[in-house]
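One-letter residues, chain by chain:
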Amino acid sequence: MDHLLSLIIFFPLFAGVLGFIVNKDSIKAYGISIATVEFLLSLALWFNYNIHGANFQFVEYYPLISSYGINYHIGIDGISLFLIILSTFMTMLSLIALSVKKNIKNLVITVLILEMTLIGVFSALDVIVFYLFWEFSLVPMLYIIGAWGGNLRIYASIKFFLYTFAGSLIMLIGILYLADYFHQVTGIWTFSITDWQLLVIPVHLQILLFIAFFIGFAIKVPMFPFHTWLPYAHGQAPTIGSIILAAVLLKMGTYGFVRFSLPLFPDASVYFTPVIAILAIIMIIYTAMVAFAQKDMKQVIAYSSISHMGVIVLGTFALNAIGITGSIFFMLSHGVVSGALFMLVGVIYDRRHTKLMSEFGGLASVMPKYAVIFGIIMMASVGLPLTMGFVGEFLSLAGFFKVSPVLTAFAGTGIILGAIYMLNLYRESFFGKSKNKENEKLKDLNKNELMALIPMVLVVLWLGIYPKPVLTPIDNSVKKMLNLMRLKAQTQATKDRLILVKKVKEAK
Amino acid sequence: MLQTITISLSSLNISSLMPMIIVIFGGLGILCIDLIKKDLSKSLYVMLSILVLVIDLGVVLGFNGPSRGMFGMILDDGIAVLGQIIILVASMLFIPLALTSKRFHEYSHPEFFALFLFMTAGFQFMVASDNLMLIFIGLETASLSLYTIIAMHNLEKSFEAAIKYFTMGALAAGFFVFSALILYAITGSVELHQIAKVVSAGEYGSIIPLLGAIAFMFAALGFKLSFIPFHTWVPDVYEGASAATAGYISIVPKIAGLIVALRFFDIFISAGISWAYYVLYAMIIITMTFSNIMALVQKSVKRMLAYSSISHAGFVMSAVLINTTQAHNALFLYWIMFTFTNLGAFAMLWISRYKKSEFTAKYDHPYQKFAGMVTVKPVAATIMAIFMLSLAGVPPFALFWGKLYLLGAIINSGNTFLAILMVLNSAVAAYYYLKLIVYMFLKEPDSKANIIYVKNASTALKTIVGFSAIVTIFAIFTIEPFLEMISSYVVASGF
């Protein structure tokens, strides 16, 4: 099992290339089988993962460009493990629910290549390798949105590409600058994150580099005010594109914060906490209000995604174990829940070719199974206890409560607004009288859709009731990272903040 | 009474002239073959040219340490060897593009191949000398052949392009001579190493004439390397030349020009003449930015690639500005990667060449021509998209590594601001490369399109495209060996 992680990364790519030979009629089955094998492989990764270890596991290391310190260095810890499983899980289910007919072969192959880039991002330990996968993930997504999307698809896909491309180029400058600094201090060229984490960087440099990395990550998350590409991308993307975009692609940004920004720049992270917290709160409240004003179901969910990502960012910058663990768990739950919501909207769009709430009504009596599943997922999205959404949201906010109760209270109002717009959506579409005669003839969920949606519902309930198997490994890795940050802290403010955090943890 | 000068043959070091002699005799040989027997197939001449270039490359690779020859006119240092390797390999890859399935006017004349070899010799003279006069002769030999090659495409636009290029080139040649003249007046030599001695010792008297010489050289090299504001010939020449020739123009003359620029500006930047530094700085930024903006609005893929190559030249010129060893390594790495990518992109255009203009009378390669290519020719469209992504600098494709290494060199030298300007420019540039991808992948095909995409394809062309695609995709594994080779040559010549 030495090369399990590499196998997981490159298996979809290889399968995708071979997929060109598979006949068009069988390509969907091919895609589902590959994605299932991939999911099983990622489960094997989980079973072979030592839960009590906090270090990187499944590490592989081969030199690529040794004169410049670029190596193929991969490995996972508790933080990335579950994001990889999330990627394989959601890709598998979104392929099962796939209902596109046009050019399906290209679509399946593109999704498999996209899956490779996602897993690559989460397992790279060399920053250049990370950057490779990070940038390359834009290409399949551009194609998915641009070729199978709605009327404005070309505008949306190019906006998506250029926005994130520009952001990541700024990050590239930061990466190269940091490598240069590392070389000046130690005389070694390296891009390995495990080496970089040990480097103590002067505070003024940390601040500049933090900004460079922040621009790259914030556009991806997307944080206010860089969020404007997302509603277009979601609005125009086909269902499978929206699912993968919301479930996994956005998590790359918040993962970047946890993996790079915090451990590399602890002092800058503390320094920028107020700014980021305010941006995150604007993001939570403002986009929740925008979501309430939408008429299109998909737009409601797109804006709610941004709002929830705000809570994740807030939890991350709590800089304590509860907050960070909670925000990572929330990444997972948001992945499953928003993916499921986009799939549910896709289901109704396939039948009616509209996503406007005003077109529906009374769906509960026509499509009972659909209504039940939508209900459960919606509750999870709102953050009802005993669903997956609650655990992450609660822990993230609880973590930030230690930092600033007032700001947390503001963030809390976003949650209430979230309940309002989601319940409003549900009332408009599922209850009351049907607003259009066509609604009465709608068929309930078919076998494929049930096969895709039921696993998500089960996961939402299982991890809502018993999140421990996932929380423990995450928590171990997060604590290790916080210890590292504490050792590296230079300014008094950072030390105070991280010691305060430590006390809180002990008190608990 | 003239004094007798005796020169021993060994001190001439004729072997330093061998590479150029080989290609020149190769070219003459091709002309002789044509005299003896007419109407031989172009495939014969293509193969002969490749073989001549292979022999030449073999001689060039036998480099052992810097040496001079022919009264010190020829300088065979590491950079000269590296430049010649790039020139020869690029020529070898471009000449098979003559083996098209359609007949074209220029390839039915063996003179084309002779001119091609003479041109290669000219570029070799340019890179293998630090004598301004010899550089000038090399430049003119190469340029005159190139003008003729462009005109031989035998379209109205080609004549226009050739004349335009010729006129501009003549002006640039004038500037070059003026610069050499002034430098001779100041320093008493046209040899760059002599000039460097005088300049670094500060013995040039008034600085005004020196600045004049630098300004004339800026203009002369600016024309050759297509810097803004000396770029106006570029799009028209690309439009008028065949796609194969246009690809050649974007690679080989520029690497020769870059090496001359490297040798020339190194003197003044090392001597701390800040005027030269800042003018070059400004020219790089203006070139990158304006060419990118102009590329955004082009309607023809070929014109877009013309502006894109201007922008790449500006991008890589920053290595000359930075003037560190790592930057010089980056310059060559970038250009090698650019060679393979641009070779592929222009070969793809060449494959889709169709004599009748189906879409617009104005352009051979409008964007509409490629609409919906992925549904008809998925593999060809994917390969073209890979070349575009590589040009845009999307990892893991070839040019990303060149860009990464170049940006790294710039940041290591402390010029972070320049690096930021450069990445912002690449973000703008991504848009026009994406535009072609959007047409190929996201739009519906035109009814006539089916016949056009690969109209001109032949096995030879497909092989070249496949080869450059493989290098572009798997570039990551080639970087380390390339860097080793480049740095050994660059260090050997002390840059």
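Below you will find a few notes about this structure. No experiment lies behind these values; they were computed from the predicted model shown.

## Considerations on the overall build of chain A
Moving on, step 1. Along chain A, the regular secondary structure elements total 22 helices and two strands.
Moving on, step 2. Relative to the compact-globule value of 23 Å for 508 residues, chain A shows a C-alpha radius of gyration of 22 Å, a close match.
Moving on, step 3. With the C-alpha coordinates of chain A rotated into their principal frame, the extents come out at 70 × 55 × 40 Å.
Moving on, step 4. Per-residue burial for chain A yields a buried fraction of 61% across its 508 residues.
Moving on, step 5. Considering only contacts in chain A between residues 6 or more positions apart, those separated by 24 or more positions represent 81%.

## Section: the overall build of chain B
Moving on, step 1. A count of helical and extended segments in chain B gives 21 helices and two strands.
Moving on, step 2. On the principal axes, the C-alpha backbone points of chain B span a range of 75 × 60 × 40 Å.
Moving on, step 3. Across the 495 residues that make up chain B, the buried fraction comes to 58%.

## With respect to the pairing of strand β1 (residues 57-65) of chain A
Residue and element names in this part refer to chain A.
Moving on, step 1. In this sheet, strand β2 (residues 70-76) lies alongside β1 in antiparallel orientation, the contact comprising six bridges. By the bridge assignment for β2, Pro63 is matched with Asn71.
Moving on, step 2. Where β1 folds back onto β2 in an antiparallel hairpin, the turn is made up of four residues, including Gly69, whose phi is positive at roughly 75°.

## Focus: helix α21 (residues 479-492) of chain B
Residue and element names in this part refer to chain B.
Moving on, step 1. Here α21 is 14 residues long and its end C-alpha atoms lie 20 Å apart, about the 20 Å a rise of 1.5 Å per residue gives.
Moving on, step 2. Within α21, the full set of buried residues consists of Ile479, Leu483, Ile486, Tyr489 and Val490. In a view along the axis of α21, the buried residues occupy a sector of 140°, so they form one face of it. Opposite the packed face of α21, turned more than 90 degrees from it, sit the exposed residues Pro481, Glu484 and Ser488.
Moving on, step 3. In the segment just after α21, Gly494 is the residue with positive phi, at about 75°.

## A few points about the environment of Lys251(A)
Residue and element names in this part refer to chain A.
Moving on, step 1. Tracing the chain through its elements places Lys251 in helix α12 (residues 251-264).
Moving on, step 2. Its 26 C-beta neighbours within 10 Å are what place Lys251 among the buried residues.
Moving on, step 3. Discounting residues that sit within four places of it in the chain, Lys251 has contacts with Leu83, Met331 and Gly335.

## Thoughts on the packing of helix α15 (residues 321-352) of chain A against helix α20 (residues 447-465) of chain A
Angle between the axes and distance between the axes are the two parameters that describe a pair of packed helices.
Residues and elements named next belong to chain A.
Moving on, step 1. With their axes 10 Å apart at the nearest point, α15 and α20 run at an angle of 150° to one another. Our classification of the angle between α15 and α20 gives roughly antiparallel. Note on packing geometry: the crossing formed by α15 with α20 is left-handed. Contacts between α15 and α20 pair Ser333, Val336, Val337, Ala340, Met343 and Val347 from the former with Glu449, Ala452, Leu453, Met456, Val459, Val460 and Leu463 from the latter.
Moving on, step 2. When the residues that make up the contact of α15 with α20 are grouped by side-chain class, the tally is 11 nonpolar, one polar and one charged.

## Some details on helix α7 (residues 156-187) of chain B
Moving on, step 1. If you check α7(B), its first and last C-alpha atoms are 46 Å apart, about what 32 residues at 1.5 Å a residue would give, namely 46 Å.
Moving on, step 2. A positive backbone phi angle near 75° is found at Gly188(B), which sits one or two residues after α7(B).

## A short note on the interface of chain B and chain A
Moving on, step 1. Taken together, the contacts link 25 residues of chain B with 26 residues of chain A.
Moving on, step 2. When contributions to the side of chain B that touches chain A are tallied by element, the ones reaching two or more residues are α17 (398-412), α18 (416-442) and α21 of chain B.
Moving on, step 3. At 12 residues, the largest contribution of residues to the side of chain B that touches chain A is made by α18(B).
Moving on, step 4. Classifying every residue of the side of chain B that touches chain A by side-chain character gives 20 nonpolar, four polar and one charged.

## As for the environment of Thr100(B)
Residue and element names in this part refer to chain B.
Moving on, step 1. Its location among the elements puts Thr100 in the loop between α4 (78-94) and α5 (111-127).
Moving on, step 2. As for Thr100 and Lys455, which are separated by 355 residues in sequence, their C-alpha atoms are 9.6 Å apart.
Moving on, step 3. Beyond its immediate stretch of four places on either side in the chain, Thr100 contacts Asn456, Ser458 and Leu461.

What counts and how
- Every chain is numbered independently, its residues counted from 1 as its sequence is written.
- Whichever chain is written first becomes A and whichever ligand is written first becomes 1, with later ones labelled in order.
- Confidence filtering applies because this is a predicted model: local features only for residues at pLDDT of at least 70, side-chain atom pairs given and counted only at 80 or more, and all residues used for totals across whole chains, interfaces and linings.
- Helix numbers and strand numbers start at the N terminus; a helix is a DSSP run of H or I with at least 4 residues, a strand a run of E with at least 2.
- Every radius of gyration here is taken over C-alpha atoms, with the globule rule written as 2.2 Å times N^0.38, N being the number of residues.
- The exposure label follows from counting other C-beta atoms within 10 Å of a residue's C-beta, where the C-beta atoms are placed from the backbone and the thresholds are 20 or more for buried and 12 or fewer for exposed, leaving partly exposed in between.
- Residues are treated as contacting if the C-beta atoms built from their backbones sit within 7 Å of each other.
- Strand pairing is assigned whenever DSSP detects at least two bridges linking the two strands.
- In a helix, the anticipated span is given by 1.5 Å times the number of residues less one.
- The arc in question is the one traced by the directions running from the helix axis out to the C-beta atoms.
- Here an axis means a line fitted to C-alpha atoms, over the contact stretch when the element is a helix, while the angle between two N-to-C directions is reported on a 0 to 180 degree scale.
- Our angle categories are set so that under 35 degrees counts as roughly parallel, over 145 as roughly antiparallel, 65 to 115 as roughly perpendicular, and the remainder as oblique.
- By convention the crossing between two helices is left-handed if the near helix lies anticlockwise of the far one by an angle smaller than a right angle, and right-handed if it lies clockwise.
- When residues are sorted by character, Ala, Val, Leu, Ile, Met, Phe, Trp, Tyr, Cys and Pro go into the nonpolar class, Asp, Glu, Lys and Arg into the charged class, and all the rest, Gly among them, into the polar class.

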